[in-house]
Amino acid sequence: MSRTLTRIYALLVCFVTVVCITITTGMALYQIVKIVAPELTMRPHQHRYLMTDEAYRRAFYPPGVYSNPELMEMPENSHTQGAVIMQTPATGQQEAPSDEQIAELRKKEWDALMENERRFSIASLIRLTIVLLVACPLFYVHWRIAQRPEEPPTG
């Protein structure tokens, strides 16, 4: 391969890796923000119902549906994000949690959501770091190839 073609190839690889490094760095910075302050990057619909006890109650325990605000426990394996309804054995009526229980349920869900945001962000940051660990040496090697001086023509 001629020196000119080699240089073009090396510079094209450098260009692609610079684009890759730039995009990956921006994404990594966003993941760092999500780790440090996950409440800033959470989805708006989650933020809306977790901000106050009243918003949480309206989202999961609408008025008129529940007749008796008695004891209610959140099962450990619940996947309903706080929307747990218990039946009273004697009457079969649905029960809504008390104000204290709503506050506790909302706090547990908030903490779980923040932990999930951090955990997924850390996993994503690890993937982005791997991309950078591949792209940076690739750039360096090809930049060195592109910078080699022209060989004088033989003849």
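Residues numbered from 1 in each chain as written. Predicted model: local features only at pLDDT ≥ 70, side-chain atom pairs only at ≥ 80, totals over all residues. Heavy atoms only, no water.

J.: How do you make sense of the overall build of the protein when you look at a structure like this?
T.: When helices and strands are tallied, the protein shows 4 helices and 2 strands. Counted from the first residue to the last, the protein has its helices and strands arranged as α-α-α-β-β-α. The buried share among the 155 residues of the protein stands at 30%. Contacts in the protein between residues at least 24 apart in sequence constitute 75% of all its contacts with a sequence separation of at least 6. (Helix = DSSP H or I, 4+ residues; strand = E, 2+ residues; numbered from the N terminus. Buried < 20%, exposed > 50% of the residue type's maximum accessible area, 1.4 Å probe, protein only. Contact = heavy atoms within 4.5 Å.)

J.: Just to check I follow, could you spell out the nonpolar core for this structure?
T.: Across soluble globular proteins, you tend to see nonpolar side chains buried next to one another. With 11 residues, the main nonpolar core is built from Met42, Tyr49, Leu50, Tyr56, Phe60, Tyr61, Ala96, Ile102, Leu105, Leu113 and Met114. Of all the elements, helix H4 (residues 99–147) adds the most residues to this core, at 4 residues. (Core = buried A, V, L, I, M, F, W, Y, C linked by side-chain atoms within 4.5 Å.)

J.: Is there a simple way to think about a nonpolar patch on the surface in this case?
T.: There is a patch of nonpolar side chains on the surface, built from Phe15, Val16, Val19, Ile23 and Met27 and spanning about 480 Å² of accessible area. Mapping Phe15 onto the fold places it in helix H1 (residues 3–36). (Patch = residues over 30% accessible without salt bridge, like charges linked within 9 Å, V, L, I, M, F, W, Y side chains within 5 Å. Areas by Shrake-Rupley, 256 points an atom, 1.4 Å probe, with all protein chains shown as cover. Salt bridge = Lys/Arg side-chain N within 4 Å of Asp/Glu carboxyl O.)

J.: Would you take a moment to explain the packing of helix H3 (residues 53–60) against H4 for this structure?
T.: Axis angle and axis distance: for two packed helices, these are the angle between their axes and the distance between the axes, and together they describe the pair. In contact at an axis separation of 9 Å, H3 and H4 are set at 90° when each is read in the N-to-C sense. One element, H3, and the other, H4, form an angle in the roughly perpendicular class. Where H3 abuts H4, its residues Asp53, Tyr56, Arg57 and Phe60 lie against Asp99, Ile102, Ala103, Leu105, Arg106 and Glu109. Taken together, the residues of the contact of H3 with H4 sort by class into 5 nonpolar, no polar and 5 charged. (Axes fitted to C-alpha atoms, helices over the stretch in contact; angles between N-to-C directions. Parallel < 35°, antiparallel > 145°, perpendicular 65-115°, else oblique. Nonpolar A, V, L, I, M, F, W, Y, C, P; charged D, E, K, R; others polar.)

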